[in-house]
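Structure assessment
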Amino acid sequence: MKYIIPFYCIFFFIPGFSQTINLNENHIENHLRNQQLLKQTDSLNTFTIRPISNKQNQFNYFKIISKSSSKIRISLLPVDYITNFNSKVPYNYNNGSMIPSKGLQQIFSPGIHFNFGVISIQLKPEYVFSENKFFNGFSENHYDVIWQRRYNAWNKYDIPERFGDKSFKKIYLGQSNLKLNFRNFSIGFSSENLWWGPSIRNSIMMSNNAKGFNHFTFNSNKPLKTSVGNLEWQFITGKLDPSGFTPPQPEKKYQKTKLYVPKTDNNSIENPSRIFQGYIFSFSPKWIKGLTIGHIKWVQTYDSFFDVKLKNVSGLNYYFPVFDSKINYNGYRDGANGFFFRSLWVNSNTEIYGELYTKEKNQDFQDSPKAHTLGFQKLFKQKKKNSYLKFSWEWTKLEQDSSILINNLVSFYSHNIIRHGFTNRGEVIGSWIGPGSNSQFFKLSSLYNKRDVSFALEIIDNDNDWYYYAYSDNKDFRRYWKSYNVHFEYINKFKNFWISVKLVHSSNLNYQWELDNELELDEWYRPGVDVNNFHSTINLSYHF
């Protein structure tokens, strides 16, 4: 692939370090983030580019098994076993290679790391199994015109309701990489999940909600100190894959027209892969202690579109389209960019963070979709030694305010031409709540040493963009789909084991925008079809 190779000409001969804490163990990251609020760990870590480095081998994360005299250092990485369960419908958030499904699901992931001079190899494959049981999705009781409008959304992104009708089994590269590591940065190939930005619950531009995708990376390993402050960055070029699954009832027709439109490129190849390129830069000015500001941008297009539309473009603009916004792609490019900040107030054990992003301007509309997140955390010291209460809040808004965008069903993660949207293998790469949705997340935690006991309330407006698009013309505002999720979480470390247990009860009001039409009522207002779901996740990690 000629457009991803040139940056490999950069080469220095100063050995570095590359081992990180993978995103399947985000409870360890959260513990380190709490310690930072208490001034008990490195304040230089901004937690805006993850996975984070673990050079100090905190919590004995890896175990070196090679001899000290050996030129090759071999380390055992933690063995991760994750299992989750959904009783009625999928509840799927920030769990990497797992899929949205009903029933039992699990990941098993051992790991080993090799280091020879500047070269490192991390092998951490993942075995994924899901029962993938049948569940009631978008109802057959909806009117045909509503099915037609629902397909107008499904045809703009690759988010299948169900991943086939059988159990799901896959082996992936998982959190693996091959890198050249220097003093402050690494360059190489990776299949790891990434997380960009300071948000904790909903990362809009890059998260581990979907399976990690294969990519080339050039990134900092630790903050680069300059005369004006510290810099961190990551630049990636990779490939995004389709899910290979269709929305429900792909043969359905409306007014003799088939609703499902296959997702093809300009060569009529169905379900092609996409080229993705993106970067994140973060800067911590030395004059304002605890402040980090940053910029994120990404672009994507189908491989065939790239060659055809840019055949007259040469030089760096061809190889690095993410840095050029002036090329006229005539809509054959999807992208977004924006800014974030994180303000750390260690003297008051508090942090505040926010993100604001805008999609690249569509030539057909004056407005562009926008998305933002705002959140904070505050620790309160208790009488007992090493005991704290923590209050967290995070608000994410993906719903669009512009009537022009809503009437044309233009959402933050959808696209009219790159019709897989911002997804990889059928899941949104960004915020797990998905297109057009909003989230309010409140959490109260009791912390003692490495133990964390939490209760949380999460309120989600599910795809309000489509809801207004589908029902505003007939003013049927009874059908909003809102979810109330009550969380309990327990995290602790027992000798060599880290354990995280999450229990969630979800009350879905008007699930999939459906009303109970079986009731014989004369009134226009009638109850919706409400679905309660029980979700559990057990994350067990063994550190050698």
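Here the structure is a predicted model, which is why all the values come from computation and not from measurement.

Thresholds, definitions, all that
Residues numbered from 1 in each chain as written. Predicted model: local features only at pLDDT ≥ 70, side-chain atom pairs only at ≥ 80, totals over all residues. Heavy atoms only, no water. 1 Å grid on protein atoms, 1.4 Å probe; cavity = no way out; pocket = protein on both sides within 12 Å on 5 of 7 lines; lining within 4 Å. Points joined across faces, edges and corners; volume = space filled by probe spheres on them. Nonpolar A, V, L, I, M, F, W, Y, C, P; charged D, E, K, R; others polar. Salt bridge = Lys/Arg side-chain N within 4 Å of Asp/Glu carboxyl O. Helix = DSSP H or I, 4+ residues; strand = E, 2+ residues; numbered from the N terminus. Buried < 20%, exposed > 50% of the residue type's maximum accessible area, 1.4 Å probe, protein only. Polar contact = N/O pair within 3.5 Å; in protein donor to acceptor, adjacent residues only side chain to side chain. Contact = heavy atoms within 4.5 Å. Phe/Tyr/Trp six-rings, centres within 6.5 Å; stacked < 30°, edge-to-face > 60°. Lys NZ or Arg CZ within 6 Å of the ring centre and 35° of its normal. Core = buried A, V, L, I, M, F, W, Y, C linked by side-chain atoms within 4.5 Å. Axes fitted to C-alpha atoms, helices over the stretch in contact; angles between N-to-C directions. Left-handed = near helix turned anticlockwise from the far one by under 90°. Pairing = 2+ DSSP bridges. Expected span 1.5 Å × (residues − 1). pLDDT = per-residue confidence, 0-100. Patch = residues over 30% accessible without salt bridge, like charges linked within 9 Å, V, L, I, M, F, W, Y side chains within 5 Å. Areas by Shrake-Rupley, 256 points an atom, 1.4 Å probe, with all protein chains shown as cover.

A word on the layout of surface pockets. Its boundaries defined by the atoms lining it, the second largest pocket holds a volume of some 510 Å³. Along the wall of the second largest pocket there are 24 residues; nearest its centre are F134, F135, N136, G137 and E161. Among the residues making up the lining of the second largest pocket, the classes are represented as 12 nonpolar, seven polar and five charged.

What follows is about the pattern of salt bridges. Enumeration according to the criterion identifies 19 salt bridges in this entry. Close ionic contact of R33 with E351 constitutes a salt bridge, the shortest N to O distance being 2.9 Å. In this pair, R33 is assigned in helix α1 (residues 26-37) and E351 in strand β21 (residues 350-359), connecting sequence segments 318 residues apart. Neither residue differs from the other here; R33 and E351 are each classed as buried. Put simply, K258 and E251 hold a salt bridge, and the shortest N to O gap is 3.4 Å. Overall, K258 belongs to the partly exposed group, its relative accessible area being 37%.

Looking now at the side chain of K359. Position of K359 among the secondary structure elements: in strand β21. At a separation of 2.9 Å, a polar atom in the side chain of K359 contacts the main-chain carbonyl oxygen of F412. Looking at K359, its side chain comes within polar contact range of the main-chain oxygen of S414, at 3.3 Å. With residues near it in sequence (within four places) discarded, K359 still touches W298, D334, G335, A336, S368, P369, S411, F412 and S414.

Let's shift gears to unusual backbone geometry. Note on backbone geometry: most residues besides glycine have negative phi, and most peptide bonds are trans. Across the junction of R50 and P51, the peptide omega takes the value 15 degrees, indicating a cis bond. For K495, which is not glycine, the phi torsion reads 55 degrees and is therefore positive. Structurally, the position occupied by K495 is in the loop between β28 (482-494) and β29 (497-509). Phi at N510 is positive, roughly 55 degrees, even though this residue is not glycine. The residue N510 is located in the loop between β29 and β30 (531-542) in this model. Look at N510 and you get buried, because its relative accessible area is 6%.

Under the defined criterion, the tally for this structure stands at 39 aromatic pairs. Seen from their ring centres, F376 and F391 are 5.8 Å apart, and the 55 degrees between their planes marks the pair as tilted. Of this pair, F376 sits in strand β22 (residues 370-381) while F391 sits in strand β23 (residues 387-397), placing them 15 residues apart in sequence. Pairing F412 with Y413 gives two aromatic rings, centres 5.3 Å apart and planes at 80 degrees, and the pair type is edge-to-face. Of the two residues, F412 and Y413, neither departs from the other in class, the shared state being buried. By way of ring pairs, the aromatic residues F138, W147, Y151, W154, Y260, W466, Y467, Y468, Y471, W481, Y511 and W513 are connected into one cluster. Here R201 stacks its cationic end above the ring of Y93, 4.3 Å away from the centre of that ring. Over the ring of W147 we find K252; its NZ or CZ atom is 5.0 Å from the centre of that ring.

Here we come to the nonpolar core. Formed by 29 residues in total, the largest nonpolar core has its most connected members in I204, M205, M206, F276 and F412. Of all the secondary-structure elements, those providing two or more residues to this core are β15 (229-240), β18 (274-285), β19 (291-302) and β20 (334-345). If we skip the residues at most four places from it in the chain, M205 touches I296, W298, A336, N337, Y357, F412, F422 and G430. Core analysis: the next-biggest nonpolar cluster, separate from the first, contains 22 residues, F135, A153, L409 and W481 among them.

It is worth spelling out the packing of helix α2 (residues 144-154) against helix α6 (residues 464-471) at this point. Their axes nearest at 10 Å, the elements α2 and α6 cross at an angle of 145 degrees. Here α2 and α6 pass one another in a crossing that is right-handed. Here α2 contributes I146, R149, R150, N152 and A153 to the contact with α6, which in turn contributes W466, Y469, A470 and Y471. In the contact of α2 with α6, the residues fall into six nonpolar, one polar and two charged.

Relative to β30, strand β5 (residues 73-86) is paired through eight bridges, and the arrangement is antiparallel. Bridging from a neighbouring strand, V79 pairs with Y542 of β30. Sheet analysis places β29 next to β30, joined by 12 bridges and oriented antiparallel. By the bridge assignment for β30, F497 is matched with Y542.

With that settled, consider α1. Taking 1.5 Å of rise per residue, the 12 residues of α1 would be expected to cover 16 Å, and the 17 Å separating its terminal C-alpha atoms lies within 8% of that figure. For α1, a buried count of 10 out of 12 residues is recorded, marking the element as mostly surrounded by other parts of the structure. Among the residues trailing α1, K39 stands out with phi positive, at a value near 60 degrees.

This part is about the confidence of the model for the protein. Residues with a pLDDT of 70 or more make up 92% of the protein, whose mean pLDDT is 91. Between residues 1-13, whose pLDDT stays under 50, and residues either more than four places distant or in other chains, the model counts 26 contacts.

By the secondary structure assignment, T41 is in the loop between α1 and β2 (49-50). Among the residues examined, T41 registers a relative accessible area of 22% and is labelled partly exposed. Discounting chain neighbours no more than four positions away, the residues touching T41 are L32, Q35, Q36 and Q58.

Side chains of Y81, F108, Y127, I171, F494, F497 and L540 sit close together on the surface and give an oily, nonpolar patch of about 660 Å² of accessible area. If you trace the backbone, F494 turns up in strand β28. For F494, a relative accessible area of 44% puts it in the partly exposed group.

You can see T396 is positioned in strand β23. With sequence-adjacent residues up to four places away left out, T396 is seen in contact with N202, I204, H372, T373, S431, I433, S437, N438 and S439.

Quick look at the environment of N30 now. For N30, the position within the fold is in helix α1. With a relative accessible area of 24%, N30 lands in the partly exposed category. Between the C-alpha atom of N30 and that of I200, which follows or precedes it by 170 residues, the distance is 8.6 Å.

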